[in-house]
Amino acid sequence: MELSLGKRDYARYPFLKEAGELVRLLDLSLYDVTKFLKILDRAKERILQAFKRGKIEQELEDSEDELLSFSLALFLVKAINNEFAIKRYSLAEALRVEAFLNEEFSNNNISIIIYLFKRLFKIEIREFHKDEEFFFEIPFKDYLIRATKFHDESWKLINRPLYHGYVRLKAKDLIRLIREEIALMIEERIKLLKLAKFPEKLKEIVNDLKQKAPHPTLWIGRGEVKDYPPCVKHALKELEEGRNLPHYGRFLLASYMLAIGKGVDEIVGLFSKAPDFKEKITRYQIEHIAGLKGGGTKYRVPSCKTLAEHNFCFKTEECNNIRNPFQFGRKNE
Amino acid sequence: MNERSLEFLKKEFKWYYYYKDDEIEEPKRIEEREFGYMPFSKGMIRHLSLKSRGELIALLLREVPAGVYCSCSYYLSPHLPMGEKGWKGSDLIFDIDADGLNSPCKTEHDRWICKNCGFNAFGKRPELCPNCNSLKIEEISWSCDLCMNKAKEEVLKLLEILEEDFGLSRKEIQIYFSGNMGYHIQVQSPLIEELNQDGRNEIVDYLSCKGLNIEKLGFVRGLRYDEILQRLSNLDYYGWGRRLLKFFENNYNGNPTIKLAEMLSKEGYKKFSKALKDLFDQLSVKIDREVTIDLHRIFRLPGSLHQRSGLIKKKVNDLDYFDPYDDTCPFNDEPVKIRISFSPKFRLKGKEFGPYKNETLTLPKYACLFLVARGVAEVEG
Ligand code: SF4
Ligand SMILES: [Zn+2]
Ligand SMILES: [Zn+2]
């Protein structure tokens, strides 16, 4: 099926276009300053919304301007040159796409969803109708590659309809599956950009954005964590005060920090105040938990039940019957 | 095992690899596989790379190994250390072992033996040998037609789910008798080749019915009868829902959905969900998780001999008619004298043997080889 995409589609899914528009943008700044400023404003808005709220909203009336503002925003983020800012911005763009895709589904634009899966990720999804029920069907392999990264039990294959090699999903879940990949794709695109001819007048704007870019500790992995669960806090406090942690405390802290996207170096640092700290051993252990060493098994964050059994649960009201510390303080994904 | 018994095994294995080399099945994409072998009386040698069937047969004839193995994975450079091989993908392999099925016959044929003084008995192994206080106690599991048939049933359950739910074609699935007490089921398909450990773990959970949330199927707590009935209308979307319906169709009269809804509203949620869980445990496939998710494992090569039985790891073409203790024993019936410490009853090449206890006998060579390989007999001279 060949789908002809319109201007509006490119504005919504701007990464479908090649990223070569900077030249045009710079031309524009010479002969149509008003238009350029409008695009620049929208680009800044995209970035600030991403930094502040993690989400990008609204769109410009003019599809072409909207599309160009995406390209310009990528350059600006690149110039900010901060890993966390890039990640946060990319995820916000991905969430914007997710919202649009859900809207397409409500408007019965099924074909654009099918097209995007195929074009971007080579996934052949198809429709399944029975009576009034509607599902998308996705090959179990493509499902598993993505769904195994989610922790909620509803994503387990066994809790999904599976028939003749296809997993049946509601539109919302199907679209949720590719959020991280879209974010990664945008991230990649930013990283590949070359900034050789970056115009002087934008430097000031970049400097301003730099001030507003997220600080590393505010941004951790996918989804936001406003607060650590009591058990993790306890582990941190013990270390901070120079006490050693029992095995399960160490395992929890390392696996939790890895799960929320912290790097090995940073985690090693957390342990450095423990009286029995040996950097080489700690690093090896963390890499092992991360699946970088040993058998390649990635360890998940131990469950609340396991932690309770090893006297490392410090439950408060806020734990709210979660099953795994990883779920603490998160909106349901 | 004494020197004479060892020589006996080696000689017969050599004969097999020399005269029966056409039994050996070389793996697909042989040059991307890691090979390993276990010499008699030495540890495993791994990380070998072979280019062709010819090289493989040459290795077997040169080394006459006790066991020879091949990776489930495909690598860029199979001969390099594990971290540097360059993983490309893996077949999906399931291990169904009669020993793990807890069949009631286990207590009849499983024993333990003291490797120091030879004292042995049925049942659970003690810490120390009651005869000589040695710690060297070995468990000897055995299999019989009963537990091997149970293993077959598990294979059939597995095949059904792989085909119906996972959409794999029968052509992509090979069944092998493991050479000892069970079956290996090997899937070669582009659908699974690139799946990592996490993905395979999910498949194992699916097959062993682990992590199933019965509320997803429609069995929701605190609903009225008509609401339950309504929820259960999509039961057949789910693989385990379909199997549940089938079980009820085969075992009860009337409409299975109505029957289920009635049971739930009559018995109450707690009791019902417990019963359901037990039923799913029964319907689930009993596979060894570790075997399936380990991408670095090497598996006995099809067509090679098992050092604990002297039987061939053999491809099963028709599971219904396959006899693991008839079609897999290549040796002849020349008389050989052996001293048997013990053996339960067993059947080989259509003949019944045993039970034996502390006796010296002359038996056909194939039966002697089986007992010596099992570690319960020594060759007399
Ligand atoms: S309930 Fe879970 S998250 Fe809360 S303290 Fe206990 S282990 Fe940590
Ligand atoms: Zn003893
Ligand atoms: Zn048995």
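Keep in mind it's a predicted model, so treat the numbers as computed, not measured.

> Let's hear about the overall build of chain A: which residues, and what values?
Helix and strand content of chain A: 15 helices and four strands. Here chain A holds 333 residues, and 50% of them are scored as buried. Here the analysis covers contacts within chain A between residues at least 6 apart in sequence; of these, 69% occur between residues at least 24 apart. Total accessible area on chain A is roughly 17200 Å²; 52% of this is exposed by carbon and sulfur atoms.

> Describe the domain arrangement of chain B, with residues and values.
Residue and element names in this part refer to chain B. Taken domain by domain, chain B comprises domain 1 (3–99 + 144–204 + 289–330), domain 2 (106–140), domain 3 (214–283) and domain 4 (331–381). The interface of domain 2 with domain 4 comprises six residues on the first partner and seven residues on the second. In total, domain 2 and domain 4 occlude about 570 Å² of area from one another, counting both sides; carbon and sulfur atoms represent 64% of this. Among the residues domain 2 hides against domain 4, the three largest losses belong to R111, N120 and I140. Together they make up 62% of the total. Counting across the domain 2 and domain 4 interface gives zero salt bridges.

> Any chance you could break down the coordination of the zinc ion (ligand 2) for me, citing the residues and the numbers?
Bound to the zinc ion (ligand 2) on the protein side are C114 of chain B (SG), C117 of chain B (SG), C129 of chain B (SG) and C132 of chain B (SG), at distances that span 2.3 Å. The site at the zinc ion (ligand 2) holds four donor atoms, and with the angles between them running 107 to 113 degrees, its shape is tetrahedral.

> Kindly report on the site of ligand 1, identifying the contributing residues and their values.
As a structural note, the neighbourhood of ligand 1 is formed by P229, P230, C231, C304, L307, C313, F314, K315, C319, I322 and P325 of chain A. Within the shell around ligand 1, the residues separate by chemical class into ten nonpolar, no polar and one charged.

> Explain the packing of aromatic side chains residue by residue, including any values.
For the structure shown, the criterion picks out 33 aromatic pairs over all chains. With 5.9 Å between their ring centres and 85 degrees between their planes, Y228 of chain A and Y256 of chain A make a pair best called edge-to-face. Highlighted residues: Y228 of chain A in the loop between α10 (200–212) and α11 (230–240) and Y256 of chain A in helix α12 (residues 247–259), separated in sequence by 28 residues. Taking relative accessible area as the criterion, Y256 of chain A reaches 0% and is therefore assigned buried. Residues F177 of chain B and Y325 of chain B carry aromatic rings whose centres are separated by 6.3 Å and whose planes lie at 80 degrees to one another, so their mutual orientation is edge-to-face.

> Outline the interface of chain A and chain B, listing residues and values.
Across the contact, 28 residues belong to chain A and 31 residues belong to chain B. The contact between chain A and chain B buries some 2500 Å² in all, and 57% of this surface belongs to carbon and sulfur atoms. If you look at where chain A meets chain B, you find three salt bridges. Across the pair K141 of chain A and E194 of chain B runs a salt bridge whose closest N-O atoms are separated by 4.0 Å. One can count eleven residue pairs in polar contact (both at pLDDT 80 or more) joining chain A with chain B. At the level of secondary structure, the elements contributing two or more residues to the side of chain A that touches chain B comprise β1 (126–130), β2 (133–139), α7 (140–147), β3 (162–163) and β4 (166–169) of chain A. Per-element accounting of the side of chain A that touches chain B gives the leading share, four residues, to α7 of chain A. Tallied by class, the residues present in the side of chain A that touches chain B amount to twelve nonpolar, eight polar and eight charged.

> Describe the packing of helix α4 (residues 63–80) of chain A against helix α9 (residues 179–192) of chain A, and please don't skip the residues or the numbers.
All names here are of chain A. Orientation of α4 relative to α9, taken along the N-to-C sense of each, is 65 degrees, at an axis distance of 9 Å. One element, α4, and the other, α9, form an angle in the roughly perpendicular class. Handedness of the α4/α9 crossing: right-handed. Residues F70, L74, V77 and K78 of α4 lie in contact with α9, whose contacting residues are I186, R189, I190, K191 and L192. Broken down by class, the residue content of the contact of α4 with α9 amounts to six nonpolar, no polar and three charged.

> How would you explain the coordination of the zinc ion (ligand 3) if you had to name every residue and give the values?
Residues and elements named next belong to chain B. Donor atoms from the polypeptide that coordinate the zinc ion (ligand 3) comprise C105 (SG), H109 (NE2), C144 (SG) and C147 (SG), at 2.1 to 2.3 Å from the metal. Seen from the zinc ion (ligand 3), its four donor atoms lie at angles of 103 to 116 degrees, and the figure they make is tetrahedral. Counting residues between consecutive donors of the zinc ion (ligand 3) along the chain gives the motif C-x3-H-x34-C-x2-C.

> Could you give me a rundown of the nonpolar core, with the residues and numbers involved?
Ranked by internal contacts, the top residues of the largest apolar core, which has 183 residues, are F166, Y183 and F219 of chain B. Core analysis: the next-biggest nonpolar cluster, separate from the first, contains 23 residues, F251, I267, F271 and V301 of chain A among them.

> Account for the sheet that holds strand β6 (residues 92–97) of chain B, naming residues and giving values.
Each strand in a sheet pairs with another by means of backbone hydrogen bonds, the pair being arranged parallel or else antiparallel. Residues and elements named next belong to chain B. Overall, antiparallel pairing links the four strands, which are arranged β6-β11-β10-β13 in an open sheet. Since the sheet does not close on itself, it has two edges, and those belong to β6 and β13 (314–315), each with one partner. Pairing of β6 with strand β11 (residues 182–187) involves six bridges; the strand directions are antiparallel. The residue bridging I93 from the neighbouring strand is Q186, located in β11. Running at roughly 15 degrees to β11, helix α4 (residues 145–164) makes contact with β6, β10 (173–177) and β11 of the sheet.

> Before we move on, could you go through the confidence of the model for chain A and cite the residues and values that matter?
All names here are of chain A. For chain A, mean pLDDT is 85; residues scoring 70 or higher make up 88% of the total. Confidence, expressed as mean pLDDT per element, reaches its minimum in chain A at helix α2 (residues 22–31) with 65 and its maximum at β4 with 98. The low-confidence segment residues 217–223, where pLDDT is below 50, has 20 contacts with residues more than four positions distant or belonging to other chains.

> Lay out helix α9 (residues 256–267) of chain B with the relevant residues and their values.
Residues and elements named next belong to chain B. With twelve residues, α9 should reach 16 Å at 1.5 Å per residue; the first-to-last C-alpha distance of 16 Å fits that figure. When we look at burial in α9, the residues that qualify are P256, T257, L260, A261, M263 and L264. Take α9 and look down its axis: the buried residues cluster within an arc of 160 degrees, on one side only. Its side-chain oxygen 2.7 Å from the backbone nitrogen of T257, N255 forms the N-cap of α9. Backbone geometry just after α9 places G268 at a positive phi near 85 degrees.

Scoring rules and cut-offs
- Residues numbered from 1 in each chain as written.
- Chains lettered and ligands numbered in written order.
- Predicted model: local features only at pLDDT ≥ 70, side-chain atom pairs only at ≥ 80, totals over all residues.
- Heavy atoms only, no water.
- Helix = DSSP H or I, 4+ residues; strand = E, 2+ residues; numbered from the N terminus.
- Buried < 20%, exposed > 50% of the residue type's maximum accessible area, 1.4 Å probe, protein only.
- Contact = heavy atoms within 4.5 Å.
- Areas by Shrake-Rupley, 256 points an atom, 1.4 Å probe, with all protein chains shown as cover.
- Domains from an automatic or database assignment.
- Buried area = accessible area lost by both parts, 1.4 Å probe.
- Salt bridge = Lys/Arg side-chain N within 4 Å of Asp/Glu carboxyl O.
- Donors = N, O, S within 2.8 Å, 3.2 Å for Na, K, Ca; no water.
- Tetrahedral: all angles 85-135°; square planar, octahedral: opposite > 155°, others 65-115°.
- Near = heavy atom within 4 Å.
- Nonpolar A, V, L, I, M, F, W, Y, C, P; charged D, E, K, R; others polar.
- Phe/Tyr/Trp six-rings, centres within 6.5 Å; stacked < 30°, edge-to-face > 60°.
- Polar contact = N/O pair within 3.5 Å; in protein donor to acceptor, adjacent residues only side chain to side chain.
- Axes fitted to C-alpha atoms, helices over the stretch in contact; angles between N-to-C directions.
- Parallel < 35°, antiparallel > 145°, perpendicular 65-115°, else oblique.
- Left-handed = near helix turned anticlockwise from the far one by under 90°.
- Core = buried A, V, L, I, M, F, W, Y, C linked by side-chain atoms within 4.5 Å.
- Pairing = 2+ DSSP bridges.
- pLDDT = per-residue confidence, 0-100.
- Expected span 1.5 Å × (residues − 1).
- Arc of directions from axis to C-beta.

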